[in-house]
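Reading the structure
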Amino acid sequence: MTKSITTKAADNIRILAAAMVEKAKSGHPGGAMGGADFINILFSEFLNYDPSDMRWINRDRFFLDPGHMSPMLYATLSMAGFYNMDDLKNFRQWKSVTPGHPEVDVDRGVENTSGPLGQGHTMAVGAAIAERFLTERFGNWMSHKIYTFISDGGIQEEVSQGAGRIAGHLGLSNLIMFYDSNDIQLSTETSVVSLENTAQKYEAWGWSVSIIDGNNEGQIREALTKANAETEKPTLIIGKTIMGKGAVNDANESFEKQVETHGMPLSGAGASFEKTIQNLGGDPENPFVIFDDVKTCYEKRKAELVKAAAAKKAEQAKWEKANPVQAEKLKSFFSDKAPEFDFSAIEQKANSATRGASGTALAAFAGKIENMIVASADLSNSDKTDGFLKKTTPFKKGDFSGSFLQVGVSELTMACLANGMALHGGVIPVCGTFFVFSDYMKPAVRLAALMELPVKYVWTHDAFRVGEDGPTHQPVEQEAQIRLLEKLKNHHGKNSMLVLRPADASETTVAWKMALENTSAPTALILSRQNINDLPVEGDAYTSALQAERGAYIVQKPAGTPDVVLVASGSEVSTLVDGAKLLLEKEGLKVQVVSAPSEGLFRNQPAEYQENVLPTGIPRFGMTAGLPVTLAGLVGENGKIWGLESFGYSAPYKVLDEKLGFNGENVYNQVKEMLA
């Protein structure tokens with residue numbers, strides 16, 4: 001029986017996927033072999049992009065959720081011309097462009113880093129929101145589709161609930177998701193862990209759902225055609241596929257639907273690699289081949305795509321000519337440049353909480369930084385992102401004219417959505433919640449750091465001073481955890497994250513300036529619930545706070561060589577100022593007070609600057625509302641740190657300050673003891 005070119009292309013993907021894993025002696029062939037039919041039809045018939053311009057802003061996006069199925073994606077993209085056979089042979093090897101789980105590489109067609117299940121398709125929802133936001137502002141000429149591919153594991157991950165709920169609630173008809181439902185996962189069949197009706201679940205969330213044979217080309221084509229015509233709902237295509245499709249054993253008997261093929265080479269799972277390749281129409285001695293007729297098919301598709309993209313670009317050029325101001329704005333949205341804004345014009349209230357100062361800054365941005373999207377996990381009135389919300393409207397189905405996303409209580413979902421928005425491009429995503437709930441977000445924050453995405457995190461209620469809410473809401477160890485990402489380098493050798501804990505309202509304005517100017521990594525703003533006394537400065541407070549752009553700076557400098565250096569970030573800096581006053585009055589000590597909103601940034605400064613701020617040989621005392629280790633890199637082993645070494649307690653924050661020693665009197669006592 002002669003195979004159709006569609007089946008032959010899918011089998012070619014299966015061969016290449018199995019061969020990659022076999023050669024690497026590591027990987028996941030089974031799922032890739034089962035999903036080959038869908039991804040082949042998607043890329044050869046439906047996905048619109050420009051092979052000659054892979055960063056074209058109006059391209060459809062494809063977000064892979066199960067990163068372990070990377071062989072399927074690499075094989076397909078090799079047919080499209082973005083990987084050669086040597087690339088595939090080097091799967092999972094040192095400095096290979098085909099890592100074991102895909103890492104974002106837009107020029108080769110990889111739109112997102114994936115691996116931790118559930119995040120990939122949630123990023124796709126974020127990208128779909130960004131597309132609706134931009135289309136609302138610039139017109140339907142720039143509309144496009146967001147496709148995503150999810151597996152059983154991704155469906156099971158809790159983040160899928162947030163993604164499914166929000167996509168359905170917002171009616172994201174530009175989102176099309178294929179669920180590769182093969183009933184097998186890494187260690188068991190799915191029936192061992194779940195009996196849910198996935199179709200009914202998504203229908204309840206407001207999705208359009210189709211159930212098909214995921215290895216049947218006609219049914220795949222029909223489902224994708226229907227999904228592309230949908231105008232009211234996101235689409236879920238549940239494709240019942242065969243794990244390890246085409247696999248056979250040494251006796252040429254079927255070895256399909258076996259759990260073992262999920263996570264190990266076919267030969268290690270009990271199948272015969274050689275006979276499987278033969279069964280699929282390949283040469284076991286030379287499996288790294290694209291069949292000539294498959295190559296011709298993909299080359300024909302490439303020509304069609306370039307022609308179609310040229311037509312859409314001509315439409316864009318016509319629009320740009322008729323709308324030059326809008327065209328310039330769109331260009332600026334997709335540039336890597338920070339938005340232009342006069343931060344010095346932001347008027348902050350004296351002695352305010354830094355969360356309030358952040359809200360003031362956000363209110364100033366609303367309507368002026370026009371591509372900013374702010375989200376909050378049901379805390380906008382507490383994290384003060386409502387400063388922005390009060391000047392815009394939240395997204396709702398059919399209306400993306402506003403700039404605020406009400407996420408509900410789903411912090412990880414929110415962080416993944418922000419990553420997807422950043423990956424899509426054209427928007428500046430900001431998301432807010434309590435700092436203690438950064439724990440829920442860390443998997444997505446880590447991926448943002450790995451992908452070098454300029455997401456902005458507004459984390460408020462930064463310490464035990466949350467008070468009466470008690471230890472469940474009081475971050476103690478969170479700052480130490482997040483600041484590790486300042487120490488970790490990304491693949492460009494830069495700090496993988498910028499972490500800022502401003503000491504007063506003016507520093508908060510500067511922190512926002514730094515966040516918006518940081519276009520190559522995520523930024524965290526860690527903000528206080530309680531009011532903080534403004535730092536004592538001579539002249540303009542904003543101008544003085546600009547020194548924070550170097551990560552740490554001298555707030556108070558004595559005449560001559562200091563006897564002791566006090567260092568902190570956030571609200572503890574004003575406490576050090578109180579302590580310094582007592583040390584001068586009672587002991588006659590010359591005290592240097594340092595605000596260090598970002599140790600990571602400070603350590604990037606020239607050595608002479610660091611020496612001026614933290615002179616060697618001078619005793620240092622640090623104070624932090626977090627774990628003492630938070631300041632260890634700044635204070636050094638010969639200094640002393642007053643921090644919190646336990647979970648917090650439930651009481652009014654002023655009582656906690658007194659009981660836990662966070663006041664000027666204790667700074668005086670601790671420094672006096674240290675110097676003695």
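Residues numbered from 1 in each chain as written. Predicted model: local features only at pLDDT ≥ 70, side-chain atom pairs only at ≥ 80, totals over all residues. Heavy atoms only, no water.

Regarding the sheet that holds strand E12 (residues 553-556)
The strands making up a sheet associate through hydrogen bonds between their backbones, and the pairing can be parallel or antiparallel. The strand order E12-E14-E13-E15-E16 describes an open sheet built from five strands, whose pairing is mixed. Only two strands of the sheet have a single neighbouring strand rather than two, namely E12 and strand E16 (640-642). Recorded for the sheet is a direction-independent mean angle of 30° between the axes of neighbouring strands. Bridge analysis of E12 against strand E14 (residues 591-595) gives three bridges, and the strand direction is antiparallel. Among the inter-strand pairings, Tyr 553 is bridged to a residue of E14, identified as Ser 595. (Pairing = 2+ DSSP bridges. Helix = DSSP H or I, 4+ residues; strand = E, 2+ residues; numbered from the N terminus. Axes fitted to C-alpha atoms, helices over the stretch in contact; angles between N-to-C directions.)

Looking at unusual backbone geometry
Positive phi, close to 55°, is recorded for Asn 351, a residue that is not glycine. Relative to the helices and strands, Asn 351 is located in the loop between helix H13 (324-333) and helix H14 (354-365). On the accessibility criterion, Asn 351 (34% relative accessible area) is partly exposed. Even without a glycine there, the phi angle at Lys 384 is positive, about 65°. Examined against the element boundaries, Lys 384 turns out to sit in the loop between helix H15 (380-383) and helix H16 (386-389). (Buried < 20%, exposed > 50% of the residue type's maximum accessible area, 1.4 Å probe, protein only.)

With respect to the environment of Arg 501
Assignment of secondary structure puts Arg 501 in the loop between strand E10 (498-500) and helix H20 (505-517). Between the alpha carbons of Arg 501 and Ala 676 there is a distance of 31 Å; along the sequence they are 175 residues apart. A distance of 3.0 Å separates a polar side-chain atom of Arg 501 from the backbone oxygen of Ser 569. (Polar contact = N/O pair within 3.5 Å; in protein donor to acceptor, adjacent residues only side chain to side chain.)

Overview of the pairing of strand E11 (residues 523-526)
With burial as the criterion, each face of E11 is covered, one bearing Thr 523 and Leu 525 and the other bearing Ala 524 and Ile 526. In terms of strand pairing, strand E9 (residues 456-460) meets E11 through four bridges, oriented parallel. Paired with Val 458 across the strands is Leu 525, a residue of E11. As paired elements, E10 and E11 share three bridges and run parallel to each other. In the strand pairing of E11, Leu 500 is matched with Leu 525. With H20 bridging E10 and its parallel neighbour E11, the resulting β-α-β unit is right-handed. (Right-handed = clockwise from strand over helix to strand, strands pointing away.)

Points about the pattern of salt bridges
If you walk through the whole model with that rule in mind, you get 31 salt bridges. With its nearest N and O atoms 2.6 Å apart, the salt bridge here joins Arg 132 to Glu 131. Residue Arg 132 is classed as partly exposed on the basis of its relative accessible area, which comes to 22%. Take Glu 131: its relative accessible area is 0%, and that puts it in the buried class. In this structure, Arg 465 and Glu 572 form a salt bridge, with 3.0 Å as the shortest nitrogen-oxygen distance. In this pair, Arg 465 sits in the loop between E9 and helix H19 (478-487) while Glu 572 sits in helix H22 (residues 572-587), placing the two residues 107 residues apart along the sequence. Judged on exposure class, the residue Arg 465 and its partner Glu 572 are both buried. Through salt bridges with shared partners, a single network forms among Asp 462, Arg 465, Arg 501, Glu 572 and Asp 657. (Salt bridge = Lys/Arg side-chain N within 4 Å of Asp/Glu carboxyl O.)

Some remarks on the side chain of Ser 410
Along the polypeptide, Ser 410 turns up in the loop between strand E7 (404-406) and helix H17 (411-424). Of the polar contacts made by the side chain of Ser 410, one reaches the side chain of Arg 165; its length is 3.0 Å. Those residues in contact with Ser 410 that sit more than four places away from it in its chain are Arg 165, Ile 166 and Ala 377. (Contact = heavy atoms within 4.5 Å.)

Quick notes on the packing of aromatic side chains
Going through the model one piece at a time under the given rule, you end up with 25 aromatic pairs. Centroid distance Phe 434 to Phe 437: 6.0 Å. Interplanar angle 15°. Geometry classified as stacked. Like Phe 437, Phe 434 is buried. Three or more aromatic residues joined by ring pairs form one cluster here, namely Phe 43, Tyr 49, Phe 62 and Phe 82. Its guanidinium or amino end placed over the ring of Phe 291, Lys 8 lies 5.3 Å from that ring's centre, counting from NZ or CZ. Here the basic side chain of Arg 550 rests over the ring of Tyr 609, its NZ or CZ set 3.8 Å away from the ring centre. (Phe/Tyr/Trp six-rings, centres within 6.5 Å; stacked < 30°, edge-to-face > 60°. Lys NZ or Arg CZ within 6 Å of the ring centre and 35° of its normal.)

Considerations on the sheet that holds strand E4 (residues 208-213)
The strand order across the open sheet built from five strands is E1-E2-E3-E5-E4, with neighbouring strands paired in parallel fashion. Two strands close off the open sheet at either side, each with one partner strand: strand E1 (61-64) and E4. Pairs of neighbouring strands in the sheet enclose a mean axial angle of 20°, with direction left out of account. Both E1 and strand E2 (residues 146-151) contribute to a ladder of four bridges, which runs parallel. By the bridge assignment for E2, Arg 61 is matched with Ile 146.

Brief notes about the nonpolar core
As a rule of thumb, nonpolar side chains are buried together in soluble globular proteins. Ranked by internal contacts, the top residues of the largest apolar core, which has 76 residues, are Phe 365, Met 372, Trp 512, Leu 566 and Val 593. Listed in part, the 72 residues of the second largest apolar core include Phe 133, Leu 417, Val 427 and Ile 482. (Core = buried A, V, L, I, M, F, W, Y, C linked by side-chain atoms within 4.5 Å.)

A closer look at the environment of Ala 128
As for its position among the elements, Ala 128 is in helix H5 (residues 119-138). Owing to a relative accessible area of 0%, Ala 128 belongs among the buried residues under this scheme. Sequence separation between Ala 128 and Leu 379 is 251 residues; the distance between their C-alpha atoms is 23 Å. Residues in contact with Ala 128, not counting those within four places in the same chain, are Ile 146, Leu 172, Asn 174 and Leu 175.

Here's the deal with the side chain of Asn 490
Structurally, the position occupied by Asn 490 is in the loop between H19 and E10. Look at Asn 490 and you get buried, because its relative accessible area is 9%. Only 2.9 Å separates the side chain of Asn 490 from the backbone nitrogen of His 492, close enough to count as a polar contact. Residues contacting Asn 490, with those up to four places away along its chain left out, are Ala 449, Glu 452, Asn 495, Ser 496 and Ser 520.

Quick word on the packing of H5 against H17
At a closest axis distance of 6 Å, the pairing of H5 and H17 adopts a crossing angle of 55°. In this view, H5 runs oblique relative to H17, as classed from their interaxial angle. Both H5 and H17 take part in a crossing whose hand is right-handed. Contact residues: Gln 119, Thr 122, Met 123, Val 125, Gly 126, Ala 127, Ile 129, Ala 130, Glu 131 and Leu 134 in H5; Thr 413, Cys 416, Leu 417, Asn 419, Gly 420, Met 421, Leu 423 and His 424 in H17. (Parallel < 35°, antiparallel > 145°, perpendicular 65-115°, else oblique. Left-handed = near helix turned anticlockwise from the far one by under 90°.)

Digging into the packing of H22 against helix H27 (residues 664-675)
Two numbers describe how H22 lies on H27: the axes approach to 7 Å, and their chain directions differ by 60°. Judged by the inter-axis angle, H22 sits oblique to H27. Seen from above, H22 lies across H27 with right-handed handedness. Residue-level inspection shows Thr 575, Leu 576, Asp 578, Gly 579, Leu 582, Leu 583, Lys 586 and Glu 587 of H22 in contact with H27, the latter providing Gly 664, Glu 665, Val 667, Tyr 668, Val 671 and Lys 672. In the contact of H22 with H27, the residues fall into six nonpolar, three polar and five charged. (Nonpolar A, V, L, I, M, F, W, Y, C, P; charged D, E, K, R; others polar.)

A short note on the pairing of strand E6 (residues 372-376)
Note on strand geometry: in a regular strand, side chains alternate between the two faces of the sheet. Counting buried residues along E6, five of its five residues qualify, which places the element largely inside the surrounding structure. Going residue by residue along E6, you find Met 372, Val 374 and Ser 376 tucked away on one face and Ile 373 and Ala 375 tucked away on the opposite face as well. Sheet analysis places E6 next to strand E8 (residues 428-434), joined by five bridges and oriented parallel. Bridge pairing in E8 links Met 372 to Ile 428. Sheet analysis places E6 next to E7, joined by three bridges and oriented parallel. Residue pairing across strands places Ser 376 opposite Gln 406, the latter belonging to E7.

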